[in-house]
Amino acid sequence: MFLWNSSGLRRMSSWLRGNRLNYLPIRWIALLVAALGGAIVFYIFAVPQLLRLRFRAGLSWYDLGAQGLGPTKDYVSFDQESPIVEISPPGAQCDPRYTFLAPRGDSVAHPGPMILDSAGELVWTKWNGGTTQDFKVQRYKGEDFLTYWQGDTDDNYGRGLWYMLDSTYNQRHVVSPVGMYDGDLHEFHITANDTALLMIYDPIVVDLRSVGGPELGWIYDGVFQEVDLETGELLFQWRASDYYSPSDSYDPIGDTGTGRTSGYDYCHINSVDKDDQGRYLVSMRHLHTIACIDGTTGEVSWSLGGKKNDFTDASDGAATDFAWQHDARWRGPNRLSLFDNAAYTNDDPSAVSRGMIIDLDMNAQQATLVQSYDHPQDMMAVSQGNLQLLDTGNVLVGWGHSAAYTEFSPEGEVVCNVHFGASAFFTFGRVVSYRVFKFDWIGHPTSTPDATLTPDSVFVSWNGATEVAAWRVEAWDGVSLSNMTFSAVDEVSRSGFETEIPLVPEVVSFFRLRAIHANGDSLGVTGLLQRLPASAAGSSSRSSGYSWATWTIVIVAFGCLVCGVYFAVHRRLRGISRSIGPYQLVAYKEDEDEHNRLPL
Ligand SMILES: *[C@@H]1O[C@H](CO)[C@@H](O)[C@H](O)[C@H]1NC(C)=O
Ligand SMILES: *[C@@H]1O[C@H](CO)[C@@H](O)[C@H](O)[C@H]1NC(C)=O
């Protein structure tokens, strides 16, 4: 029996009609006000969000968010996730090297440095807790290191340290600036001379009246240092405020500049490079300027772009009109590359970010755009981003605030485009990576491989191990417990980050898994594993355990919702039935109601 029987409906409609007779004007006014309020709320809150969506013709289901805004895959033997990537165009011949990135954002559960293979499969990741940026491979004293910045971020800059891990993923060096400074997240560049270029955001007091700020105003000065990594000696230090003033900035001061912790970030250095002539190349995002700094005197040799631009533009403005840029690098004595963000807010949906290669003619003081690299979907990245020149001649662009990286031919044709988030929602920055790189890498973790058992199979992975070709199953021979001996009973090729190995009947109780190099060598072995009894079916698989718990919660919650609605409506109607009184148009029988009422 259900409550919405005919007499209930009759009473409902009669109540509505009765009320309408009396309260018609108030009702309409209330409705109008509510509609108007709703429209205003929609316009203020929903419209700007909708305008940020970048729906385009031909977006894949992945890019439309069908798998989530930042889709990830889980593992059975490993408790972190990795992005599910989408690679285009079909059959793309991506550079076979590993990809180095540091995904973070609201859709990233365990942000940290991450290595993916060229197909987007996880190779290594580490959950660092705080923010990790600028993860890459750098050579120091002839040895390859994984380097990254880690620390706390505060609006646009960071307070942290730089870390150097060796090929076993153990931390070998931690680097901090010289002096009482925090290390900023934007740059840690080891030069060919084993020195490091690193960056500081230093709050200092300046007169900000020229830009509408206080006389005793605060800025975050852009400072970079060159430090001898071996001795910790400070070799060079440069301050933006010695050469560029707040009035050179394009960044509106807003309500910043009033205190030490709310400095006006007028300059925003975000990359430093050095060439073998000893010249520094500095990108100052909020000045729209790339500057060449004399390595001895610190004087500005020239400025490209921005209010102090020294160059005429041989490309009709296209070589010098970059804005909010990142990652300026020397690519030759008179050639440089950069990532032109073109925008720093979502206010201008027509802005398009690009990678750029620029040639400078120092005699004619002229800049020429040699090549630009545009995303096939006209990407806009309001922050972050980088450009790496691969030794194949191809160019890798990391789209920073947009979860994508694209490999181009030297002529700007898209060779391989990888998304690690849904592109229709890129402007929301649910998944971002400050920079993205490709490198060769060989990792030999000192941890043991991770294995998780089900009754019929074992899932095995080894975070960071790059050379595992196969997993060998070694079963205990059952002779001695004090001196266990094992024999190989099976061997399964590694498949991606995690390999599921069905257990052969020879595995009766104890066994272990040995990681095998392509040349047959042993790379490592799991701890002792014990085959689960068949009765443990269902309880051991973590993922199915999750889904059962989830489904139970969903069903209970849905049940509660149905009950809640049911009782609310029931009580409401009972309340109505009592108050019908004078507005009753249809005969109402108390006993009929009694019969139809469900016990509470
Ligand atoms: C390395 O040191 C040499 C010799 O001092 C110098 O000429 C060169 O400019 C330095 N290179 C870099 C990148 O610092
Ligand atoms: C353990 O067994 C192996 C092979 O059966 C044998 O060579 C070795 O001496 C034994 N070790 C001990 C400590 O008994």
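The numbers attached to residues start from 1 for each chain and follow its sequence in the written order. Numbering of ligands from 1 and lettering of chains from A proceed in the order in which they are written. At least 70 in pLDDT is required for a residue's local features to be given in this predicted model, at least 80 for side-chain atom pairs to be given and counted, and no such filter applies to totals for whole chains, interfaces and linings, which use all residues. Note that water and hydrogens are dropped before the side-chain values are worked out from all heavy atoms of the structure.

- As recorded by an unreviewed UniProt entry, the protein carries the name Fibronectin type-III domain-containing protein and is attributed to Penicillium arizonense.

## Considerations on the overall build of the protein
So, point 1. Labels follow the DSSP assignment, with helices taken as runs of H or I lasting at least four residues and strands as runs of E lasting at least two, numbered in each case from the N terminus. Assigned secondary structure in the protein consists of three helices and 36 strands.
So, point 2. Long-range pairs, those at least 24 residues apart, make up 57% of the contacts in the protein with a sequence separation of at least 6.
So, point 3. When the accessible surface of the protein is totalled, it reaches about 28000 Å², and 55% of it is carbon and sulfur. Residue contacts follow a heavy-atom distance rule, with two residues in contact if any of their heavy atoms lie within 4.5 Å. Here the Shrake-Rupley method, with its probe set to 1.4 Å, supplies the accessible areas, and only the displayed protein chains count as covering residues.

## Let's talk about the sheet that holds strand β3 (residues 86-88)
So, point 1. We treat two strands as partners when DSSP finds at least two bridges between them. With antiparallel pairing, five strands are arranged side by side in an open sheet as β3-β27-β26-β25-β24. Every other strand in the sheet has two partners, leaving β3 and β24 (386-389) as the edge strands with one partner each. Direction aside, neighbouring strands of the sheet carry axes that sit 15° apart on average.
So, point 2. Here β3 runs beside strand β27 (residues 414-419); their pairing, made up of three bridges, is antiparallel. Among the inter-strand pairings, E86 is bridged to a residue of β27, identified as H419. Interaxial angles span 0 to 180 degrees and are taken between N-to-C directions of axes, which are lines fitted to C-alpha atoms, for helices over the stretch in contact.

## Here's the deal with the confidence of the model for the protein
So, point 1. As a per-residue measure, pLDDT tells how confident the predictor is, with possible values from 0 to 100. Mean pLDDT for the protein: 89, with 87% of residues reaching 70 or above.
So, point 2. Here residues 538-545 scores under 50 on pLDDT; set against residues more than four positions off or in separate chains, the count is 10 contacts.
So, point 3. Low pLDDT, under 50, characterises residues 577-600; the predicted model gives this stretch 27 contacts beyond four residues in sequence or across chains.

## Comments concerning the site of ligand 1
So, point 1. Throughout this document, a residue counts as near a molecule or strand when at least one of its heavy atoms sits within 4 Å of that molecule or strand. Taken together, N193, K274, D275, D276 and G278 make up all the residues around ligand 1.
So, point 2. In protein, a polar contact means a hydrogen-donor-capable atom and an acceptor-capable atom, both N or O and within 3.5 Å, with residues adjacent in sequence counting only if both atoms are side-chain atoms; elsewhere, any N or O pair within 3.5 Å suffices. K274 is positioned such that a nitrogen or oxygen atom in its side chain is 3.0 Å from an oxygen atom of ligand 1.
So, point 3. Separating an oxygen atom of ligand 1 from a backbone N or O atom of D276 is a distance of 3.1 Å.
So, point 4. Burial of ligand 1 by the protein amounts to 54% of the accessible area it has alone, namely 360 Å².

## Things to note about the sheet that holds strand β29 (residues 450-453)
So, point 1. Read from one edge to the other, the open sheet built from three strands follows the order β29-β30-β33, with strand pairing classed as antiparallel. Each edge of the open sheet carries a strand with a single partner, namely β29 and β33 (498-502). Sheet twist, expressed as the mean angle between neighbouring strand axes with direction ignored, is 20°.
So, point 2. As judged from the four bridges shared by β29 and strand β30 (residues 457-461), these two strands associate in the antiparallel manner. Bridge pairing links L453 to V458 in β30.

## As for the state of the cysteines
So, point 1. When two cysteine sulfur atoms lie within 2.5 Å, the pair is treated as a disulfide. Counted by the stated rule, this structure contains one disulfide.
So, point 2. The disulfide bridge from C94 ends at C416, spanning 2.2 Å between sulfur atoms. Residues C94 and C416 are joined through a disulfide that is right-handed, its torsion about the S-S bond being 80°. With a gap of 322 residues between them, C94 in the loop between β3 and β4 (98-101) and C416 in strand β27 connect regions that are remote in the sequence. Neither residue differs from the other here; C94 and C416 are each classed as buried. Each residue is assigned to one of three classes by its accessible area relative to the maximum for its type, calculated with a 1.4 Å probe on protein chains only: buried under 20%, partly exposed between the two thresholds, exposed over 50%.

## Comments concerning the environment of V282
So, point 1. Position of V282 relative to the elements: it lies in strand β16 (residues 280-284).
So, point 2. Taking the C-alpha atoms as reference points, V282 and I269, 13 residues apart in sequence, are found 7.0 Å from one another.
So, point 3. If we skip the residues at most four places from it in the chain, V282 touches F224, I269, S271, V272, T289, I290, A291 and I293.

## Examining unusual backbone geometry
So, point 1. Cis rather than trans, the peptide bond between S88 and P89 has omega equal to -5°.
So, point 2. Tracing the backbone shows P89 in the loop between β3 and β4.
So, point 3. The backbone of D327 shows a phi angle near 55°, a positive value even though the residue is not glycine.
So, point 4. Given a relative accessible area of 2%, D327 falls into the buried group.

## Notes on the environment of E143
So, point 1. Considering the arrangement of structural elements, one finds E143 in strand β8 (residues 143-154).
So, point 2. The spacing of E143 and S167 is 24 residues in sequence and 9.0 Å in space, taken between C-alpha atoms.
So, point 3. With near-sequence residues (within four places) excluded, E143 lies in contact with Q138, D166 and R172.
So, point 4. Polar side-chain contacts of E143 include one of 2.9 Å to the side chain of R172.

## A word on the pairing of strand β13 (residues 217-228)
So, point 1. Within β13, 11 of the 12 residues are buried, which leaves the element mostly enclosed by the surrounding structure.
So, point 2. Of the strand pairs in this sheet, strand β12 (residues 195-206) and β13 are connected by 12 bridges, and their pairing is antiparallel. Its bridge partner lying in β13, D202 is registered against D221.
So, point 3. Two strands pair when backbone bridges link them, and β13 and strand β14 (residues 234-239) are joined in this way by five bridges, in the antiparallel orientation. Bridging across to β14, V227 finds its partner in L234.

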